[in-house]
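Coordinate analysis (summary)
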Amino acid sequence: MDNKHLEAALEQALTKPLTHLVNLEHPLDFNAYVHAGGYMGATKALKEFTPKEVLTIVSNSGLKGRGGAGFPTGMKWSCVPSLQENTAGHSINKLENSYLICNADEMEPGTFKDRHLLEGVPHQLIEAMIIASYTISANKAFIFLRGEYHLAAKRLQKAIDEAYENNWLGAKIQGSDYQLDLYLHTSAGRYICGEETALINALEGKRANPRAKPPFPQVSGLFGKPTVVNNVETLSNLPHILKHGSEWFKDLSPHSDPGTKMYAACGQVKKPGLWELPMGVTIRELLFEHAGGMPDGVQLKGLLPGGASTDFLTEQHLDTPMDFDSIGKAGSRLGTGGLIVLGDKHCPVAMVLNLLQFFAQESCGWCTPCRDGTAWAVEILTRIEQGKGTNADLKQLEELCDFMWLGKTHCALAPGAVEPLKSAMRYFKADFEQHIEQGCCSYQKAKGELTTSEEQLAKEQRKGEHHDCAK
Ligand SMILES: Cc1cc2nc3c(=O)[nH]c(=O)nc-3n(C[C@H](O)[C@H](O)[C@H](O)COP(=O)(O)O)c2cc1C
């Protein structure tokens, strides 16, 4: 980055902390990152604060996890035994058996925010992991990286090597008593590996099935030791919170959830992309100002606000701020903040079928509601989409949604699959009913995608019970 570009980047340091140093073509090497103010957050943490003080700063900032669930980061860390009251006197080197894992598995459809940070500013994550590891007294940390992220793997490994060469990793970091080793682990590549306990099993060399909780990983995680799993974006906030303080972080957003957020938009939009914006930008602003709105001639039908495993929202929700609380009150989840937009020329049944096919393929098979429920939903949705469904199928789908819900499964994969399905059946009920009543998909029909033989077959299957789309 030349001086002109660096100056421009630094001007955005206080408003776009996560991305102001992103350079996708030539990410900053160690010296350039330091020159741009990098490793100042970690320096402050190690030289000015005890782990407990860092915990207080992070808790006060109100940072919530960006991996999907929005769990408060400080609260998660405070469950680690080394940060409990009765271990206050422990020296950090005696507690070497806790671990930090950065969840960089990122396989949620419609989500590509972590990749941007991993490829564009790898040293930021390493600095963040030093801060987090120091706080939870971990001497070993892991980046669990999606296997297909080859470029990120190459750049991260280079940055890790540079951090070792410059005494930011290894023994006696920057003259302190603190030691940290950081390992890059590439995933074998399943969506379930992103679920934190399945991830831990995978890292231990076991089959990636989720574990029953409790115990939570903060108490018993990797190799049975206290383990914190945090998302890439969550961690990447830490250097900036340490550098500028909790109040600055809170002031970044006018809403109750502080900080900035990496928002994305894909699907039926003019300009798919990724933007770092203050937490709580409205759906309307994200969709129409940043993503350029709907393609010409297309109206908004619905959208998933935070990746594939969130509930549909519709036009009535356009003025909802995209923060955890507001999207929750609107009946969905902020999830990963990646909008997937459905236009009125595309079939919602087909979209949900496509998503369920993904979830069914990615189910680890460990629990019955997920293994059988997702496959069953695919079977029924396929029937409905092909115009061969019945009203009994709709009833069955509703029952399936209940069968796959939270509390009945080992992890949140199946409940996540239910979210778009159940909400589609609520908001787009007429479309489901149309497929059944008319024996075909009117969207395919309008596009001329339904061939005569398919129409004929659909008609025959329905034994003349209903009218077809041509009427
Ligand atoms: C099926 C499934 C896949 C997940 N994939 C990811 C992922 O790729 N990245 C991620 O950070 N969190 C993922 N999560 C959430 C993690 O289990 C965990 O909550 C998160 O890493 C915690 O980090 P945070 O507190 O910083 O948000 C997934 C959860 C489920 C149920």
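Residues numbered from 1 in each chain as written. Predicted model: local features only at pLDDT ≥ 70, side-chain atom pairs only at ≥ 80, totals over all residues. Heavy atoms only, no water.

**Quick notes on the domain arrangement of the protein chain**
As far as domains go, the protein chain holds domain 1 (3-250), domain 2 (253-343) and domain 3 (348-461). For domain 1 versus domain 3, the separation of C-alpha centres amounts to 38 Å. Taken together, the contacts link twelve residues of domain 1 with ten residues of domain 3. Here domain 1 and domain 3 share an interface that buries about 1000 Å² over both sides, 65% of which is from carbon and sulfur atoms. For domain 1, the biggest contributors to the area lost against domain 3 are Arg190, Tyr191 and Pro210; these three give 43% of the whole. Linking domain 1 with domain 3 are one salt bridge. Our count for the domain 1 to domain 3 interface comes out at four residue pairs in polar contact (both at pLDDT 80 or more). (Domains from an automatic or database assignment. Contact = heavy atoms within 4.5 Å. Buried area = accessible area lost by both parts, 1.4 Å probe. Salt bridge = Lys/Arg side-chain N within 4 Å of Asp/Glu carboxyl O. Polar contact = N/O pair within 3.5 Å; in protein donor to acceptor, adjacent residues only side chain to side chain.)

**Considerations on the environment of Gln357**
Relative to the helices and strands, Gln357 resides in helix H15 (residues 348-362). Distance in space between the C-alpha atoms of Gln357 and Met40 is 46 Å, their sequence separation being 317 residues. (Helix = DSSP H or I, 4+ residues; strand = E, 2+ residues; numbered from the N terminus.)

**Some remarks on H15**
Along an α-helix, a turn takes 3.6 residues, which lines up residues three or four apart on a common side. In this model, H15 (15 residues) spans 21 Å end to end at C-alpha, consistent with the 21 Å of a helix rising 1.5 Å per residue. Of the positions making up H15, those classed as buried are Pro348, Val349, Met351, Val352, Leu353, Leu355, Leu356, Phe359 and Glu362. (Expected span 1.5 Å × (residues − 1). Buried < 20%, exposed > 50% of the residue type's maximum accessible area, 1.4 Å probe, protein only.)

**What to know about the site of the ligand**
The ligand sits among 18 residues. The nearest are Gly67, Lys76, Glu106, Asn231 and Thr234. Here an oxygen atom of the ligand sits 3.0 Å away from a polar atom, N or O, in the side chain of Asn103. Within the side chain of Thr234, a nitrogen or oxygen atom sits 2.7 Å from an oxygen atom of the ligand. When the free accessible area of the ligand is taken as 620 Å², the share hidden by the protein chains comes to 88%. Take the shell around the ligand: its biggest share by element is three residues, from strand S4 (residues 227-231). Taken together, the residues of the shell around the ligand sort by class into five nonpolar, seven polar and six charged. (Near = heavy atom within 4 Å. Areas by Shrake-Rupley, 256 points an atom, 1.4 Å probe, with all protein chains shown as cover. Nonpolar A, V, L, I, M, F, W, Y, C, P; charged D, E, K, R; others polar.)

**Comments concerning the sheet that holds strand S1 (residues 98-104)**
In any sheet, the strands associate via hydrogen bonds between backbone groups, in a parallel or an antiparallel arrangement. Taking strand neighbours across the sheet as the criterion, the four strands line up as S3-S2-S1-S4 in an open arrangement whose pairing is parallel. Unpaired on one side and paired on the other, strand S3 (181-186) and S4 mark the two borders of the sheet. Pairwise comparison of adjacent strand axes, ignoring direction, gives a mean angle of 20 degrees for this sheet. In this structure, S1 lies alongside S4, joined through five bridges in parallel fashion. Counterpart to Asn103 in the pairing with S4 is Asn231. (Pairing = 2+ DSSP bridges. Axes fitted to C-alpha atoms, helices over the stretch in contact; angles between N-to-C directions.)

**As for the packing of aromatic side chains**
Per the stated rule, a full pass over the model turns up 13 aromatic pairs. Here Tyr99 and Phe223 contribute two aromatic rings whose centre-to-centre distance is 6.3 Å and whose plane-to-plane angle is 70 degrees, an arrangement assigned as edge-to-face. Here Tyr99, found in strand S1, pairs with Phe223, found in the loop between helix H9 (196-203) and S4; they are 124 residues apart in sequence, far enough to count as distant. Relative to Phe359, the ring of Phe358 has its centre 5.5 Å away and its plane inclined at 70 degrees; by these criteria the two rings are edge-to-face. Through a chain of ring-to-ring contacts, three or more aromatic side chains come together here, namely Phe30, Tyr33, Tyr39 and Trp168. The residue whose ring lies beneath Lys422 is Trp405, and the NZ or CZ to ring-centre distance is 5.9 Å. Looking at Arg426, its charged tip hangs above the ring of Tyr427, at a distance of 4.9 Å from the centre. (Phe/Tyr/Trp six-rings, centres within 6.5 Å; stacked < 30°, edge-to-face > 60°. Lys NZ or Arg CZ within 6 Å of the ring centre and 35° of its normal.)

**Some thoughts on the sheet that holds strand S5 (residues 260-267)**
Here we have four strands laid out as an open sheet, ordered S6-S5-S8-S7, and mixed in their pairing. The two strands at the open ends of the sheet, each matched to only one other strand, are strand S6 (273-278) and strand S7 (300-304). Each adjacent strand pair in this sheet contributes to an overall mean axis angle of 30 degrees, direction not counted. Here S7 runs beside strand S8 (residues 338-343); their pairing, made up of four bridges, is antiparallel. From the neighbouring strand, Leu300 faces S8, where its bridge partner is Gly343.

**A look at the side chain of Glu385**
Mapped onto the elements, Glu385 comes out in helix H16 (residues 368-385). It turns out Glu385 is buried and unbridged, and the closest side chain with the opposite charge, Lys447, is 8.4 Å from it. Look past the residues within four positions of Glu385 in its chain and what remains in contact with it is Cys347, Val349, Ala350, Leu353, His435, Cys441 and Gln444. (Lys, Arg positive; Asp, Glu negative; His and termini not counted.)

**Let's talk about the environment of Leu14**
Examined against the element boundaries, Leu14 turns out to sit in the loop between helix H1 (3-11) and helix H2 (30-35). Each C-alpha atom of the pair Leu14 and Trp248 lies 8.5 Å from the other, and the pair is 234 residues apart in sequence. Residues contacting Leu14, with those up to four places away along its chain left out, are His244, Trp248 and Leu252.

**Section: the packing of H16 against helix H17 (residues 391-403)**
When two helices pack together, you describe them by how their axes are tilted relative to each other and by the distance separating the axes. One way to put it is that H16 packs onto H17 with a least axis distance of 10 Å and a crossing angle of 160 degrees. Here H17 runs roughly antiparallel to H16, going by the angle between their axes. Crossing handedness for the pair H16 and H17: left-handed. Along its contact with H16, which presents Thr368, Pro369, Gly373, Trp376, Ala377, Ile380, Leu381, Arg383 and Ile384, the element H17 presents Asp393, Leu394, Gln396, Leu397, Leu400 and Phe403. Residues belonging to the contact of H16 with H17 are distributed by class as follows: ten nonpolar, three polar and two charged. (Parallel < 35°, antiparallel > 145°, perpendicular 65-115°, else oblique. Left-handed = near helix turned anticlockwise from the far one by under 90°.)

**A look at the environment of Pro109**
Mapped onto the secondary structure, Pro109 falls in the loop between S1 and helix H6 (113-120). Placed 53 residues apart in sequence, Pro109 and Thr56 show a C-alpha to C-alpha distance of 34 Å. Beyond its immediate sequence surroundings of up to four residues, Pro109 is in contact with Gly307, Ala308, Ile340 and Phe358.

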